[in-house]
Amino acid sequence: MPIKFDKNTRQFHLYNDDFSYIIAVYDNGSIGQLYFGEPLSPNKDYPFLAPIPFAGFSNNIRSAARFEYPCYGRGDFRLPAFSVRLADGAGVVEPRFEDYRVYPGKNTIPGLPSTYTEGTDEAETLEITLLDKLSGLKIILSYTIFSAYACIARHTRFENTGKERIILESALSLSIDLPDSAWNMLTFTGSWAREFAVSDAPLRAGFQGVHSAFGVSGSIANPSLIFRRPETTEHRGEAFGLCLLYSGNFIACAEVDCWDITRIRTGINPETFSWILESGGSFDTPEAALGWSKSGLNGLSRVFHRLFRTHLESGVWRDRERPVLLNTWEGAYFNFTEEKLLAMARKAVDLGVEIFVLDDGWFGKREDETTSLGDWVPNRDKLPHGIAGLAEKITAMGLKFGLWIEPEMVSEKSHLFEAHPDWAVGVPGRTRTEMRRQFVLDMGRAEIVDYLFEAISSVISGAKISYIKWDMNRFITEPFSLALPPDRQGEFFHRYCLGVYSLYSRLTAAFPEILFESCASGGARFDAGILGFAPQGWLSDNTDAVQRLEIQRGASYFYPLNCIGAHVSTVPNHQTRRLTPLLFRAAASFFGDLGFELDPTKLSEEEAETIKECIVFYKKYRRLFQQGVFSRLDATADTAAWMVSSEDKKSAIVAVYKLNAKPNQKPFRVRLAGFDRAKVYHVSLWEPTHRAGLTFDETDKCLNCGLRGGDELTSCGLLIDNTSFAVSIIGDFYPELFLLEAAE
Ligand code: GLA
C-alpha cells in the first residue's frame, strides 16, 4: 500500500519504488511538509524531520517551518497557497486537521481535466481535510500517488460549510516547502514563433517565477517548472518538476526565504482571480502533477511522458498511431478554390499522406483575417460544394479529411457579431484592444457554449470529418462578463477556461472518433490541461527546422512526442527565410506527429520522391517515434542530438543534426541513453541520410555501423565525425539518423 498513516507521529508517508513524500500533522493541527525525495523505508517514522524550533526576533518559528498548504496572516511571512476574505472583512483563517481518507484509484475533478487511472491498483489517493471552525471553511487536500511513476497529482477543494459567504482571493493547486535552495530552476518561456525556450538558473533569495494573465496559459511561459541540483545533467542526478493541468491564467514560482527554505507554488494566477463561495458552495482547483527523478532530466521527462501519454491523453486516439497529415496553411493561406485543394490532395495521396487538413479561410467571407470568425458556414465562392462536397471528394481519394476551426472567436465583420455584439468580451463604454482583428467570445456564458456546440457539431456531422484543428488566435484583454454581477467579475477568467473545457468535453464526447488537435497561434495553449481533451497540439507556427529543434526540445521536457505536431514546410522558410535541405526538415519532424505544411503541387520530382521515402520510413517507425522512450543527448554547440528507444530496449533511432558545418573539426562522441548494456545492437545509418552524406566521397563508410554493444553505446557512444571533407561540402543542416536493433 503506497500511503501509510502513523497515528502516533501523525505522519503520512506516500511512497512507491521510486520516491517518498512525507507529510505531518503538526501539534497545532496545521499540515507540514517533511520530505520529498528518494524512497525512505515505509516501516519507520521520521520524527527528526519535523522542524527545529527557532526563536528569532521579527520572524517567529513558523517562518522556519515547512508547510503543505500554507495560509496567510498566522506568522508565516512567505506567500500563501490560498487566501480568503470572510464576511466580516477579515482575511485570517486557522485551518486545522480534521480527518483523512485513503482510497484506491483516483477521482475526477468536476469541470477540469485530470490524470486518471484505469484500474484501482494503478494509484492510491489521500485526502486530508482541514477545517476553519469559525468560518466553516473546509479545505480538502488531495494527493494521488501512482504506483508506476515517481509522481503525485495534487489538487485542492474548498467547501463553505458555514453560513456566511467566503471570498476565495487565491486558491493554488500545489505548494511545497523544501529544506534548502541548492537548486537550479528551469522555465519554458518565449513568445509567438519562439515557444519553449529553456532558461536554467540557480535559485536566489526572494521570489522568482512565471505567470500568464491574458486568458490562456500562453506562449510567454508554460505552466511548468523543473528544479535540478547544480550537478544534475540530462542523464544523472536529482531533479523534480511540476506541471499544471490548466489552460488559463497561472503562476508557477519559487520563493527562497530567510532560512533558505524554498517554497514552490503553482495554480490559478491570484492576480486575476477571486471566487465567491456562498454557504454550501465549493470550488475545485486545477490539478498539478509533481514528478521526481534521480536519473537526471531525461529521467524526469520520462515520468511525465509516461503519465501524460497513458493517464492524461484520452479517447480512442490515445494509443493509436497518429496519421501523417497535410495542412493547407503555409501551402495556400487564404487563397484556395476547391479545384486547387483537390489538386493538392491528389498529390498528397501520391506522397503517402493520410489526412488532408483544410486550415483557415473556408467559411463566411473569409479572404483574410479581417472577417467571418463565428460564421461557421462554408464560403460557397471558394467551395461550391461546401465542406461536405469537398470532404466527399477527398475521402474518395483514400484520404481522411480534417478541418480548422476557431470557435472561441468572433470577427467584428460577421453575422454572429451583428446578431450578438454582447457576446464578445469587453468592458461596456471602453474600447476593445485590437488583436488580429478579432474579438473573444465570453466562454463563461453557458448559452454561448451551447450555441458553439450546436454550430460546430453541425459542421462536423454534415461532412466526413476525421480531424479538427481547434485554434485560439488572440489573448484576452478588457476581461469582463456581462453575465456576471460586479462582485463576481474576478471569476471571469476561470469561468472562461471552464467554458472552453466544457465545449471540448461535449464535442469530444459527441465525436469520439475525431482526432482533435489544439492550437493557439502555435503553442500558446500547449499545456497539460488541454492535453486532457486534445491528444495532440500544434507546437509552434515556426516551421523552420533549425528552430523547431530548439522548440521541440523545450517541449520535450514535459510533453510526450505523440502530442507534438511537427510539420515540414517549404523553403525559403516562411518565418525565417532560412534554406534547409528537405531531409533535414523531415528528420526534425519525425520526432513528433509528422505533417506537411506546403503546396505539394509545387514540389519538384526529386522533392516528391524524398517526401515519399520519408513518409514510408516514418510510417514504419512511427510507433517508436510517437510512443517510444525519448532522450535528449549531449552534443556540441553546432550539433543537436536525441533519440527514441522502445520500452523493451530492443530498438532505437538516434538523430544527430549537424547545424553549422565547419571544416577540420575534432570528432566527438554522442553517448546514448536507455540501452540494455548486456545486449548487442546492429547499428545502421538510414539510407537517405547516408546517401546525402556521400556527395563528395562515394566510398565513405558509416563509421558507426555494424554490431555494437549496449555498454559501448552507453559509455562511449557513436562517433560523430565532422572532419570528413564530405561534410564540409554538404554544408549546414545535415541529419544523420541511426537505426539500432538488438541482435538476437
Ligand atoms: C494560427 C495557427 C496557424 C494557422 C493560422 C490560421 O496562426 O497557429 O497554424 O492555423 O492561425 O489563421
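Reading the values: the criteria
- Residues numbered from 1 in each chain as written.
- Predicted model: local features only at pLDDT ≥ 70, side-chain atom pairs only at ≥ 80, totals over all residues.
- Heavy atoms only, no water.
- Helix = DSSP H or I, 4+ residues; strand = E, 2+ residues; numbered from the N terminus.
- Buried < 20%, exposed > 50% of the residue type's maximum accessible area, 1.4 Å probe, protein only.
- Contact = heavy atoms within 4.5 Å.
- Core = buried A, V, L, I, M, F, W, Y, C linked by side-chain atoms within 4.5 Å.
- Domains from an automatic or database assignment.
- Expected span 1.5 Å × (residues − 1).
- Pairing = 2+ DSSP bridges.
- Axes fitted to C-alpha atoms, helices over the stretch in contact; angles between N-to-C directions.
- 1 Å grid on protein atoms, 1.4 Å probe; cavity = no way out; pocket = protein on both sides within 12 Å on 5 of 7 lines; lining within 4 Å.
- Points joined across faces, edges and corners; volume = space filled by probe spheres on them.
- Nonpolar A, V, L, I, M, F, W, Y, C, P; charged D, E, K, R; others polar.
- Near = heavy atom within 4 Å.
- Polar contact = N/O pair within 3.5 Å; in protein donor to acceptor, adjacent residues only side chain to side chain.
- Areas by Shrake-Rupley, 256 points an atom, 1.4 Å probe, with all protein chains shown as cover.
- Phe/Tyr/Trp six-rings, centres within 6.5 Å; stacked < 30°, edge-to-face > 60°.
- Buried area = accessible area lost by both parts, 1.4 Å probe.
- Salt bridge = Lys/Arg side-chain N within 4 Å of Asp/Glu carboxyl O.

Here we look at the overall build of the chain
If you tally the helices and strands in the chain, you get 15 helices and 38 strands. Along the longest, intermediate and shortest principal axes, the C-alpha atoms of the chain span 80 × 65 × 45 Å. Split into buried and exposed, the 744 residues of the chain put 62% on the buried side. Sequence separation of at least 24 residues holds for 71% of the intrachain contacts in the chain that already meet a minimum separation of 6.

Brief notes about the nonpolar core
By size, the foremost hydrophobic cluster in this structure holds 200 residues, and its most contacted members are W362 and F590. The residues that make up this core include at least three from each of domain 1 (3–311) and domain 2 (325–629). Ranked by size, the runner-up nonpolar core spans 21 residues in total, among them A641, A652, A673 and V683.

Here we look at helix α4 (residues 338–351)
Its 14 residues place the ends of α4 20 Å apart at the C-alpha level, agreeing with the 20 Å of an ideal helix rising 1.5 Å per residue. E338, L341, L342, M344, A345, A348 and L351 are the residues of α4 that are buried. If you follow the buried residues of α4, they end up packed against β21 (325–327), α3 (329–332), β22 (355–358), α5 (386–396) and α12 (605–627). Immediately beyond the C-terminal end of α4, within one or two residues, lies G352, with a positive phi of roughly 105 degrees.

Overview of the sheet that holds strand β32 (residues 639–645)
Spatially, six strands are ordered β31-β32-β33-β38-β35-β36 in an open sheet, and the strand pairing comes out antiparallel. For this open sheet the edge positions go to β31 (629–632) and β36 (706–709), each flanked by a neighbour on one side alone. Averaged over all adjacent pairs, the angle separating strand axes in this sheet is 25 degrees, with direction ignored. The pairing of strand β35 (residues 680–685) with strand β38 (residues 734–742) spans five bridges and is classified as antiparallel. Paired with Y681 across the bridge in β38 is A742. Where helix α11 (residues 582–589) meets the sheet, its contacts fall on β32, β33 (651–658) and β38, and the angle it forms with β38 comes to roughly 50 degrees.

Here we look at the layout of surface pockets
Its boundaries defined by the atoms lining it, the largest pocket holds a volume of some 700 Å³. Considering the residues around the largest pocket, the lining is formed by 29 residues, among which S295, N298, G299, R302 and G674 are closest to the centre. Sorting elements by how many residues they give to the lining of the largest pocket places helix α2 (residues 296–311) first, with five residues. The residue inventory of the lining of the largest pocket, partitioned by class, reads nine nonpolar, nine polar and eleven charged. As a volume, the second largest pocket reaches approximately 600 Å³. Taken together, the residues that form the lining of the second largest pocket break down as 18 nonpolar, six polar and seven charged.

Examining the site of the ligand
Taken together, the neighbourhood of the ligand is formed by 13 residues, with D359, D360, R436, K469 and D541 sitting nearest. Here an oxygen atom of the ligand sits 3.0 Å away from a polar atom, N or O, in the side chain of W404. Here an oxygen atom of the ligand and a side-chain polar atom of K469 are 2.7 Å apart. Contact with the protein chains covers 97% of the free accessible surface of the ligand, which is 310 Å². Here the residues of the shell around the ligand are counted per class, giving four nonpolar, three polar and six charged.

What about the environment of G529?
When you line up the elements, G529 lands in helix α9 (residues 528–531). Along the primary structure G529 and G248 are separated by 281 residues, whereas in three dimensions their C-alpha atoms are 8.9 Å apart.

A few points about the packing of aromatic side chains
One pass over the full model with this rule turns up 60 aromatic pairs. Through a chain of ring-to-ring contacts, the aromatic side chains of F584, F590, F591, F617, Y618, Y621, F625, F630, W642, Y657, W686 and F733 assemble into a single cluster.

A look at α2
Along its 16 residues, α2 runs 22 Å from first to last C-alpha, staying within 8% of the 22 Å computed at 1.5 Å per residue. Burial runs high along α2: 15 of the 16 residues are buried.

Topic: the sheet that holds β22
Whenever strands of a sheet pair, they do so through backbone hydrogen bonds, lying parallel or antiparallel. Spatial ordering of the closed barrel is given by β21-β22-β23-β26-β27-β28-β29-β30, a layout of eight strands whose pairing is parallel. Averaged over all adjacent pairs, the angle separating strand axes in this sheet is 30 degrees, with direction ignored. Of the strands in this sheet, β22 and β23 (400–405) touch α5, which is tilted by about 145 degrees from β23.

Some thoughts on unusual backbone geometry
Residues V571 and P572 are joined by a peptide bond in cis, for which omega reads -5 degrees. Take P572: it is sitting in the loop between β29 (564–569) and α11. We note that S372 has phi near 80 degrees; this positive angle belongs to a residue other than glycine. Considering the arrangement of structural elements, one finds S372 in the loop between β22 and α5. Given the relative accessible area of 2%, S372 is considered buried.

Focus: the domain arrangement of the chain
Partitioning the chain into domains gives domain 1 (3–311) and domain 2 (325–629). Of note, the centres of domain 1 and domain 2, computed from C-alpha atoms alone, are 34 Å apart. Facing 52 residues of domain 1, the contacting portion of domain 2 comprises 46 residues. Between domain 1 and domain 2, a total of about 3,800 Å² is buried, with carbon and sulfur atoms accounting for 63% of that surface. The three residues of domain 1 that bury the most area against domain 2 are F196, W275 and R309, which together make up 16% of that side's buried surface. D487 serves as the salt-bridge partner of R165, at 2.9 Å between the closest nitrogen and oxygen. Connecting domain 1 to domain 2 are 22 residue pairs in polar contact (both at pLDDT 80 or more). If you list the elements that add at least two residues to the side of domain 1 that touches domain 2, you get β11 (184–189), β14 (224–228), β15 (239–245), β18 (275–277), β19 (282–284) and α2. Among the elements that make up the side of domain 1 that touches domain 2, the one with the highest residue count is α2 (eight residues). Classifying every residue of the side of domain 1 that touches domain 2 by side-chain character gives 28 nonpolar, 15 polar and nine charged.

Things to note about the pairing of β14
Within β14, five of the five residues are buried, leaving the element largely enclosed by the surrounding structure. On β14, burial covers both faces: S224, I226 and R228 on one face and L225 and F227 on the other are all buried. Sheet topology note: the β11/β14 ladder contains three bridges and is antiparallel. Each residue of the ladder has a partner; that of M185, found in β14, is F227.

Some words on empty space enclosed by the protein
Evaluated as defined, the whole model comprises six cavities of 30 Å³ or more. Its volume calculated, the largest cavity comes out at about 50 Å³. Looking at the largest cavity, the residues that line it are S518, R525, F526, D527, I530, L531, A534, Q536, G537, Y559 and C563. Mapped onto the lining of the largest cavity, the elements with two or more residues apiece are α9 and β28 (536–538). A breakdown of the residues in the lining of the largest cavity according to their chemical character gives six nonpolar, three polar and two charged.

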